[in-house]
Amino acid sequence: MKFVDEFRDAQLGRVVAGQILAAADPGRHYKVMEVCGGHTHSIYKYGIDDLLPEAVELVHGPGCPVCVIPMGRVDDGIAVARQEGVIFTCFGDMLRVPGSELTLLDAKAQGADVRMVYSPLDALRLARSNPRREVVFFAIGFETTAPSTALTLKRAKAEGVLNFSCICNHVTIVPPLRALLESPDLRLDGFIGPGHVCTVVGARPFEFIPVDYARPLVISGFEPLDILHSILMILRQLQEGRCEVENQYTRVVPREGNLRALEVMAEVFELRPHFEWRGLGFISQSALKLSAAYRDFDAELRFALPGVRVADPKACQCGEVLKGVIKPWECKVFGTACTPDHAIGTCMVSPEGACAAYYNYGRFAREKEAV
Amino acid sequence: MCLAIPGQVIEVLDTANQIARVDVVGVRRSINVGLLSDGNGGGVEPGDWVLIHVGFALSKVDEQEAHATLSLLQRMGAAYEQELEELRTSVIE
Ligand code: SF4
């Protein structure tokens, strides 16, 4: 229990852990998936799984946007970044994601003008101040981030900033969850719902989980105590034979979501028929592209992208990690060939990735000792 | 990039483009508050606390929630430091 004492209300944490133990059926094994990378990060940082009874296992889900970008899309980005006159912009986390040969950071070292931005609005400002250059923003993220790209594009259109365009890699959280629930590899008992995604989409998109698959989902905050409470709420539902979408994070998440954000997204984006996810393969209607009204800002139409599908490296087991089928340390290259400094797979790149979280908080050594 | 950080609104700079100045643990930057304009609290005023993600206010939070989230983030260490570093580079107009 090395990390537990660090969190606020450690005492209360133990009380909730006791209630979880009481709510668990001792003869049963529970697999609870935390969907969001932010939760994965909190769980490792605070050793929340150490507090749980053995019967309750936490499984990490596909909710880290950097982790799910397939190699072919990174290659597409690099191809655009290398074109004459382009300023290529992306979030810092994207720079070290491996493509089939290079990362964006490598391309930059070789002379491409690749710049890290904090916000899509910073990319738009670069376009305004460099009217002779083509400024391309490599957009990634779930519904938490997509409204920001949408509002930026609306502004670019209103101001007529025509040297600005976007490679849209925004993904939506519901289709991969449905794919996981359909997968024969994995039996999940409940879900810890992604708090920040839900501030945008609200609770309704998750209702299919109890309705079609008879599993509970509890929308959770990010404090260790929030996560413990959410696990308790899931176990109580199972104990009482209930199955619902409950909201533990009511202090931030309104049940209907952020209507303004949804409206802007609906105007600027439309669903792609299908999109490839790293390790998970093609999932239908799981990603966004620019709508017809915004086609002038679509970098995929403005530039010739290679668009080649690249298979993940043989050694990489990110797909299994993203599906929760294996734990990060069970990947053969974990901590040896694959580390945060030299990542083979994406889950090691972003701090929200399950492999990086395990690695950074020394979980690796402890798990090995325990085995 | 996944973190949402609480900040306090200092002033609304540009109502047409919905830009406000915020203070995030002493780092003062401009952000866009356009996602809060309809419903969701109807715009912001100085003193309000908001959750900020990639330069946009995602939702309003109360002061107690803001402080609790900040202390959680501070204990996250490297990821939080990096987010603040990136925020420092930002110039939103
Ligand atoms: S250790 Fe590396 S290659 Fe293996 S699953 Fe994790 S990120 Fe992927």
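One can find the structure itself at the top, above this paragraph.
The text that follows walks through the structure, step by step, so that each part is easy to find. (Residues numbered from 1 in each chain as written. Chains lettered and ligands numbered in written order. Predicted model: local features only at pLDDT ≥ 70, side-chain atom pairs only at ≥ 80, totals over all residues. Heavy atoms only, no water.)

## Concerning the overall build of chain B
To keep it simple, the criterion reads: Secondary structure elements are taken from DSSP: a helix is a run of H or I of four residues or more, a strand is a run of E of two residues or more, and numbering for both begins at the N terminus. For this measure, only C-alpha atoms enter the radius of gyration; the expected value for a globule follows 2.2 Å times N^0.38, where N is the number of residues. Burial status follows relative accessibility: with a 1.4 Å probe on protein chains alone, a residue under 20% of its type maximum counts as buried, one over 50% as exposed, and anything between as partly exposed.
Per the secondary structure count, chain B includes 2 helices and 5 strands. From first element to last, N terminus to C terminus, chain B shows the α and β order β-β-β-β-β-α-α. For a compact globule of 93 residues, the expected C-alpha radius of gyration is about 12 Å, and chain B comes in at 12 Å, within 12% of that figure. Oriented by its inertia axes, the alpha-carbon framework of chain B measures out at about 35 × 25 × 20 Å. Looking at chain B residue by residue over its 93 residues, the buried ones come to 54%.

## Observations regarding the overall build of chain A
Threshold: The contact criterion used throughout is that any non-hydrogen atoms of two residues lie within 4.5 Å.
When you go through chain A residue by residue, the secondary structure sums to 16 helices and 13 strands. By the compact-globule yardstick of 21 Å for 371 residues, chain A fits well, its C-alpha radius of gyration being 21 Å. Seen along its three principal axes, the alpha-carbon backbone of chain A occupies a region of about 65 × 45 × 40 Å. Going through the 371 residues of chain A one by one, you find that 63% of them count as buried. Of the contacts formed within chain A by residues at least 6 apart in sequence, a portion of 77% connects residues at least 24 apart.

## A short note on the interface of chain A and chain B
Under the convention used in this document: By buried area we mean how much accessible surface two parts lose on assembly, using a 1.4 Å probe and totalling the loss over both. Whenever a carboxyl oxygen of Asp or Glu lies within 4 Å of a side-chain nitrogen of Lys or Arg, that contact is scored as a salt bridge. Pairs of N or O atoms are called polar contacts if they sit within 3.5 Å, as long as, within protein, a hydrogen donor faces a hydrogen acceptor (for residues adjacent in sequence, only side-chain-to-side-chain pairs).
In this complex, chain A contributes 48 residues to the contact, which on the side of chain B involves 39 residues. In this assembly, chain A packs against chain B so that about 3,600 Å² is buried in total across both faces, 57% of it on carbon and sulfur atoms. Taken together, the connections running from chain A to chain B amount to 2 salt bridges. Taking the shortest distance from any N to any O, the salt bridge between Arg128(A) and Glu93(B) comes out at 3.6 Å. At the surface where chain A touches chain B, the tally comes to 11 residue pairs in polar contact (both at pLDDT 80 or more).

## Some details on helix α8 (residues 174-182) of chain A
Given 3.6 residues to a turn, an α-helix orients residues that are three or four positions apart in the same direction. If you check which residues of α8(A) are buried, you get Val174(A), Pro175(A), Pro176(A), Leu177(A), Leu180(A) and Leu181(A). Here the buried face of α8(A) lies against β1 (30-36), β2 (56-63), β7 (190-194), α10 (208-213), β11 (274-277) and β12 (281-284) of chain A.

## Quick notes on the sheet that holds strand β5 (residues 134-141) of chain A
All names here are of chain A. What counts is decided by this rule: What makes two strands pair is DSSP finding at least two bridges between them. Lines fitted to the C-alpha atoms define the axes, with helices restricted to the stretch that makes contact. Angles between their N-to-C directions range from 0 to 180 degrees.
Read across the sheet, 4 strands follow the order β4-β3-β5-β6 without closing on themselves; strand pairing throughout is parallel. Every other strand in the sheet has two partners, leaving β4 (114-116) and β6 (164-170) as the edge strands with one partner each. Direction aside, the axes of adjacent strands within the sheet are offset by 25° on average. Bridge analysis of strand β3 (residues 86-90) against β4 gives 3 bridges, and the strand direction is parallel. Of the residues in β4, the one forming a bridge with Phe-88 is Val-114. Most of the contacts of helix α6 (residues 120-129) go to β5, to which it runs at about 175°, and overall it touches β3, β4, β5 and β6. Relative to the sheet, helix α7 (residues 146-159) contacts β5 and β6, its axis offset from that of β6 by approximately 160°.

## Description of helix α4 (residues 71-81) of chain A
When you tally the buried positions in α4(A), you get 10 out of 11 residues, the bulk of the element. Turning to α4(A), its buried residues are Met71(A), Gly72(A), Arg73(A), Val74(A), Asp75(A), Asp76(A), Gly77(A), Ile78(A), Val80(A) and Ala81(A).

## Topic: the sheet that holds strand β8 (residues 217-220) of chain A
Residues and elements named next belong to chain A. Within the open sheet, the 5 strands sit side by side as β2-β1-β7-β8-β9. Their pairing is parallel. On the outer flanks of this sheet lie β2 and β9 (245-247), each paired with one strand and no other. Strand-to-strand twist of the sheet, defined as the mean angle between neighbouring strand axes without regard to direction, takes the value 25°. Note: β7 against β8, 4 bridges, orientation parallel. Paired with Pro-194 across the bridge in β8 is Ser-220. Here helix α11 (residues 224-239) sits on the sheet and contacts β1, β2, β7, β8 and β9; the angle it forms with β8, its principal contact strand, is near 165°.

## Concerning the site of the ligand
The following threshold applies: Nearness is defined per residue: one heavy atom within 4 Å of the molecule or strand is enough. Amino acid classes used here: Ala, Val, Leu, Ile, Met, Phe, Trp, Tyr, Cys and Pro are nonpolar; Asp, Glu, Lys and Arg are charged; the rest, including Gly, are polar.
Surrounding the ligand, one finds Cys316(A), Gln317(A), Cys318(A), Val321(A), Cys331(A), Val333(A), Phe334(A), Cys338(A), Gly345(A), Cys347(A), Met348(A) and Cys355(A). Residues that form the shell around the ligand fall into these classes: 10 nonpolar, 2 polar and no charged.

## Let's talk about the environment of Ala299(A)
All names here are of chain A. Topologically, Ala-299 is positioned in helix α13 (residues 299-302). The sequence separation of Ala-299 and Thr-152 amounts to 147 residues, and the corresponding C-alpha distance is 15 Å. When near neighbours in sequence (up to four residues on either side) are disregarded, Ala-299 contacts Val-136, Ser-165, Cys-166 and Ile-167.

## A closer look at the packing of aromatic side chains
All names here are of chain A. As a reminder, the rule being used: Pairing of aromatic side chains here covers Phe, Tyr and the six-membered ring of Trp, requires ring centres within 6.5 Å, and sorts the geometry by plane angle: under 30 degrees stacked, over 60 edge-to-face, intermediate tilted. The criterion is that NZ of a Lys, or CZ of an Arg, lies within 6 Å of the ring centre and within 35 degrees of the ring normal, and then a charge sits over that ring.
Summed over the entire model, instances satisfying the criterion amount to 8 aromatic pairs over all chains. Plain terms: the ring middles of Phe-88 and Phe-138 are 5.8 Å apart, the flat faces sit at 40° to each other, and that makes the pair tilted. Within this pair, whereas Phe-88 is found in strand β3, its partner Phe-138 is found in strand β5, the two being separated by 50 residues in sequence. Of the residues examined, Phe-88 reaches a relative accessible area of 0% and is grouped as buried. On the basis of an interplanar angle of 85° and a centroid distance of 6.1 Å, the ring pair of Phe-208 and Tyr-213 is categorised as edge-to-face. By relative accessible area, Phe-208 is classed as buried at 10%. Against the face of Tyr-294 rests Lys-157, its NZ or CZ located 4.6 Å from the ring centre.

## Some words on the pairing of β12(A)
All names here are of chain A. The pairing of β11 with β12 spans 4 bridges and is classified as antiparallel. Note that in β12 the partner of Phe-275 across the bridge is Ile-283. Counted between consecutive antiparallel strands, the loop separating β11 from β12 contains 3 residues, among which Gly-279 sits at a positive phi close to 80°.

## With respect to unusual backbone geometry
For Gln285(A), which is not glycine, the phi dihedral falls at a positive 50°. Inspection of the secondary structure puts Gln285(A) in the loop between β12 and β13 (288-290). We note that Val54(B) has phi near 40°; this positive angle belongs to a residue other than glycine. Positionally, Val54(B) belongs in the loop between β4 (49-53) and β5 (56-61).

## Quick notes on the environment of Glu182(A)
For Glu182(A), the position within the fold is in helix α8. Sequence separation between Glu182(A) and Ser100(A) is 82 residues; the distance between their C-alpha atoms is 30 Å.

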